[in-house]
Each structure stands twice: as C-alpha cells, then as structure tokens.
Amino acid sequence: ISFSHKTMADATGQENVDLASKQDGQIVTPWDVEADADEGIDYDKLIDRFGSQRLSQEVIERMEKLTGKKAHPWLRRGIFFSHRDLDAVLDLYEAKKPFYLYTGRGPSSDSLHMGHLIPFMFTKWLQDVFDVPLVVQMTDDEKFLWKGDSEENTIEKFYRLGKENCKDIIACGFDINKTFIFSNLEYMGHMYPTVVRIERMVTYSQAKGIFGFTDSDNIGKHSFPAIQAAPSFPVAFPHIFGTDTEPLCLIPCAIDQDPYFRMTRDVAPRLGWKKPALVHSKFFPALTGSKTKMSASDASTTIYVTDTPDQIKTKVNKYAFSGGKVSVEDQKKEGADLDVDVAYQWMRFFCDDDAILKTLEDEYGPGPVRAGNKMLTGEAKALLIQTLQPIIAGHQAARAGVTDEMVDAFMAVRKLSF
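S.K.: How would you sum up the overall build of the protein chain? Please name residues and give values.
M.R.: The secondary structure content of the protein chain amounts to 18 helices and 11 strands. Taking 22 Å as the expected radius of gyration for a compact globule of 418 residues, we find that the protein chain reaches 22 Å, a close match to that expectation. Seen through its principal axes, the protein chain has C-alpha atoms that stretch 65 × 55 × 55 Å. Within the span of the protein chain, comprising 418 residues, buried residues form 52% of the whole. Intrachain contacts of the protein chain at a sequence separation of at least 6 include 75% that bridge at least 24 residues. Total accessible area computed for the protein chain in this model is approximately 17,800 Å², and 51% of it derives from carbon and sulfur atoms. Distance between charge centroids for the protein chain: 2 Å, based on 49 positive and 60 negative side chains.

S.K.: Account for the sheet that holds strand S6 (residues 134–138), naming residues and giving values.
M.R.: Taking strand neighbours across the sheet as the criterion, the 7 strands line up as S3-S4-S9-S8-S5-S6-S7 in an open arrangement whose pairing is mixed. Bordering the open sheet on either side are strand S3 (53–54) and strand S7 (179–183), each of which pairs with just one other strand. Here strand S8 (residues 248–254) pairs with strand S9 (residues 277–281) via 5 bridges, running parallel. In the sheet register, Pro252 faces S9, and the bridge partner there is Val279. Here helix H12 (residues 258–271) sits on the sheet in contact with strand S4 (80–84), strand S5 (99–105), S8 and S9, set at roughly 165° to S9.

S.K.: Pulling in residues and values, what's your account of the packing of aromatic side chains?
M.R.: The description of an aromatic ring pair rests on the distance of the ring centres and on the angle between the ring planes. Enumeration over the complete set of coordinates arrives at 28 aromatic pairs. Here the aromatic rings of Phe284 and Phe349 are separated by 4.9 Å at their centres, their planes lie at 85°, and the arrangement is edge-to-face. Taken together, the positions of Phe284 in the loop between S9 and strand S10 (285–286) and Phe349 in helix H15 (residues 342–350) put the pair 65 residues apart, joining distant regions of the chain. Phe349 carries the same exposure label as Phe284, and that label is buried. A cation over a ring is seen here: Lys282 above Phe81, with NZ or CZ 5.8 Å from the ring centre.

S.K.: Any chance you could break down the state of the cysteines for me, citing the residues and the numbers?
M.R.: Counting across every chain of the model gives 0 disulfides. Left unpaired, Cys253 is separated from the closest cysteine sulfur, that of Cys249, by 10 Å. Among the residues examined, Cys253 registers a relative accessible area of 8% and is labelled buried.

S.K.: Give me the lowdown on the environment of Arg197, citing residues and values where you can.
M.R.: By the secondary structure assignment, Arg197 is in helix H8 (residues 184–201). A relative accessible area of 43% places Arg197 in the partly exposed class. Residues Arg197 and Val267, spaced 70 residues apart in sequence, show a C-alpha to C-alpha distance of 9.4 Å. The residues contacting Arg197, other than those within four sequence positions of it, are Leu271 and Trp273.

S.K.: Run through helix H10 (residues 219–229), naming residues and quoting values.
M.R.: Counting buried residues along H10, 8 of its 11 residues qualify, which places the element largely inside the surrounding structure. Buried residues of H10: Gly220, Lys221, Phe224, Pro225, Ala226, Ile227, Gln228 and Ala229, and no others. The N-terminus of H10 is capped by Asn218, whose side-chain oxygen sits 3.0 Å from the backbone nitrogen of Gly220.

S.K.: So, unusual backbone geometry: which residues are in play, and what are the values?
M.R.: Trans peptide bonds make up most of the peptide bonds, and negative phi angles are found at most residues other than glycine. Despite not being glycine, Lys96 shows a phi value in the positive range, around 60°. Summarising the element assignment, Lys96 is placed in the loop between helix H4 (86–94) and S5. Since its relative accessible area comes to 78%, Lys96 is described here as exposed. If you check the backbone angles, Asp131 has positive phi at about 55° while not being a glycine. Here Asp131 is to be found in the loop between helix H5 (114–130) and S6.

S.K.: Now, about the packing of helix H6 (residues 140–147) against H10: what can you tell me, with residues and values included?
M.R.: With their axes 10 Å apart at the nearest point, H6 and H10 run at an angle of 160° to one another. On the basis of the axis angle, H6 is roughly antiparallel to H10. Crossing of H6 over H10 shows left-handed handedness. Between H6, through Asp141, Glu142, Leu145 and Trp146, and H10, the contact on the second element is made entirely by Gly220, Lys221, Phe224 and Ile227. When the residues that make up the contact of H6 with H10 are grouped by side-chain class, the tally is 4 nonpolar, 1 polar and 3 charged.

S.K.: So what about the packing of H15 against helix H16 (residues 354–364)? Which residues, and what values?
M.R.: Contact geometry of H15 with H16 gives a least axis separation of 10 Å together with a crossing angle of 165°. Taken together, H15 and H16 sit at an angle that is classed as roughly antiparallel. Judged by the twist between their axes, the crossing of H15 over H16 is left-handed. In this structure, H15 contributes Tyr344, Met347 and Arg348 to the contact, and H16 contributes Ile356, Leu357, Leu360 and Glu361. Looking at the contact of H15 with H16 residue by residue, the classes come out as 5 nonpolar, no polar and 2 charged.

Rules and cut-offs
- Residues numbered from 1 in each chain as written.
- Predicted model: local features only at pLDDT ≥ 70, side-chain atom pairs only at ≥ 80, totals over all residues.
- Heavy atoms only, no water.
- Helix = DSSP H or I, 4+ residues; strand = E, 2+ residues; numbered from the N terminus.
- Rg over C-alpha atoms; globule rule 2.2 N^0.38 Å.
- Buried < 20%, exposed > 50% of the residue type's maximum accessible area, 1.4 Å probe, protein only.
- Contact = heavy atoms within 4.5 Å.
- Areas by Shrake-Rupley, 256 points an atom, 1.4 Å probe, with all protein chains shown as cover.
- Lys, Arg positive; Asp, Glu negative; His and termini not counted.
- Charge placed at Lys NZ, Arg CZ, Asp CG, Glu CD.
- Pairing = 2+ DSSP bridges.
- Axes fitted to C-alpha atoms, helices over the stretch in contact; angles between N-to-C directions.
- Phe/Tyr/Trp six-rings, centres within 6.5 Å; stacked < 30°, edge-to-face > 60°.
- Lys NZ or Arg CZ within 6 Å of the ring centre and 35° of its normal.
- Disulfide = S-S within 2.5 Å.
- Polar contact = N/O pair within 3.5 Å; in protein donor to acceptor, adjacent residues only side chain to side chain.
- Parallel < 35°, antiparallel > 145°, perpendicular 65-115°, else oblique.
- Left-handed = near helix turned anticlockwise from the far one by under 90°.
- Nonpolar A, V, L, I, M, F, W, Y, C, P; charged D, E, K, R; others polar.

Written as structure tokens, this is what we have:
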C-alpha cells in the first residue's frame, strides 16, 4: 500500500490510503480503468495494492467438494482470481449457516453490453449452487450524481434506465423467490438508517484517499460510497432478515469495485457487524484491446446484448484487436500473442467447452501444435462469432419474455424464501 501524501491517522486510527491515483502504469477505480501495457492490467500488482488474497486452487477444490458441483469455468480459468474471506463463506455453508449474495448495476444505458453480463451470470451460478438469497442494487442515484450534468440526463431518465436494465438482469434466470432487486431512489427510506451509520464512520479525508474525490465534486458523490456499502449488511433489509446481523454477505464483482468494500470492511467491526466477503473478477476487455475495460458509450468497443447476428459478426471482424502476426507467413510460423488477442480472451469468458478453448490455445497461439501452419486470426474471430451469436440470441429471447409486471414482482419489498 502506498500513500499519496504524508500519512496521517484520523480519529478512528485508520490511515488514509491512496487507492485512486495512477501507480505501476495503471489506474483502477470504480470510474476509471486504464493500463499503459498492451497486456492490460497487471492483476498481481493490483492484488498487492488492494491487499486482497489470490483465489487458490485449494479454495476452488473445497467449493467443489462442499457443493458437489464442478467449479464455474471462470473460477477454473482464473477470471475470478482474487477474494476477501471466501473461505469464511465456505465455512458457513459447511456449517449450514446463512449467507446471502449482493451485486448491482449502475444504469447508464438502455442496453447492457456483454461485459455487464459477467457479474450477473456468475451470481446466477452462485445462487443456483449455494441456494441462497440475492439482493441487487440499481444505483440510479449514482448515475445521476456522476452524469446528471446535462439537460437530457435527468434523475427520471436514470430511474427509467434502471427499470429497463432490470429486465436484462431478470433474463439471466434468477429465482424470484430468492431475489430482491431494488432502486436506490425507491428503497432508500428502508436502508437509510444503515447508510447514516456508515457515513458517520468514514471521514472526508478517508473517502478522498480511497476514491480520489476533489473539492469540485458535488457532495452527493462524497456520500455515495456509504449507499453502495449499505447492502453489505443484512440490517439494510429488515423485510428479509429482520434484525438479524448474522447472515454474511458475499459480493461477486469486478475488482474496480473493491475500494467501496475495502471501506465497508473497515467500518463493519466498529458498527458491530460482519465484514462482507468478496470474490473479484478480471475486467472484460474492450474489443479494441485490453488497455481498458469495455464501455457502454463507445459502440466500436462494445457488443450489446441487443446486437443482431450480423452486427456481432461485423464488430468482431472489424474491431477485435488481434494478437496475430503482421503477415500470414509469420502467423502460420509463430502463432498469435494470446495475452493481447481479444478473440481468444473473449473465448475464455464465453466458451464453456474446455476442449474447444484448449484447441484454440494450441493451434492459434505459440507452441508446437500446427507449427508452420498456425490458425489465422480470421479463423479465431469466426470461432468467437459462432460462440457469441447463440448466447446473445438466447438472452434476447429470455428478455422478450420479461414483462413490466415481472419487474414489479422482483422489486416488491417482500419476504424471500430461503
């Protein structure tokens, strides 16, 4: 951990940690992800900087043993690579004690892109495997605080986008009896006592060091981290947990969200509550390369869940960054650099078949298999297109079946079954 200025402990005794500035040629915050290297983010350095734990093979094998289910491909392939206290969650599951899942979505666009689906697809798997309740926070308030600087970006717009995005989340197949989706703008009255308790525990100096806030940021931004922290504690959901503080929270998220929960874990023991556990994913790379994560606002770097088969084919062929060699001859001879090749990287996310992925690694990347006649970039991209098209078509079919009444049912303040 490094510090942006001479370290001073505040009244709580906590040091003001700088997580928001650029270090080691990369910046990772909830709002900015960027790396200087072509290979993208150095996740080992990020683990060291954030102070999380590497997700070991031992933990994955223990999860398989306890659940009787094969680990998700994203666990086996190191896409979910880091954690905080996941072993404690497994202890609870083994002892048949309660825990719950928490994830969220910041509704900034009508349509989700493929990167947005990652946490929801993984959370769906966790809910199925562990048979536990889930809360999903729609941060419509956050999007207004960060983007509401133009006439068209009204608070009503982000509330509406939240409802639309709910349909994509529901389409992932969550169990309505175990899932509560809520809009911050709607639910805040229920959660506000929890938010205020958290706010009182965090100084402005701490928030500035963790999130990089400046004096020109509106005060809503400064207080928002407490709102994202609140669902980490069961007391934020009295209709689900009553006054019970025992259920532990497990948060699957991309590692850029970790600063929120580093703060949350710091305040938890001082409030007499349990620290939430986390499992972190790597970033889903933009089509144009791994230096940044995919953005919903840049159509060329993005494949949306609303794209047609032809749009998917065109975007992959035109924009997907290739790790292949410049000439056909060199590619056939040497193979592609898989660390930067987007077709391969995306296949690691969306190809469930380990054998197909292994063949792609061997025949397209460097190594003795097919040496002198290596797979060309066009073939790798074609394989990705064939993989993405049915996934997106399936999602579109599921979403078409989600009605406004179903959204209302998932968002109703009610008791869950668990």
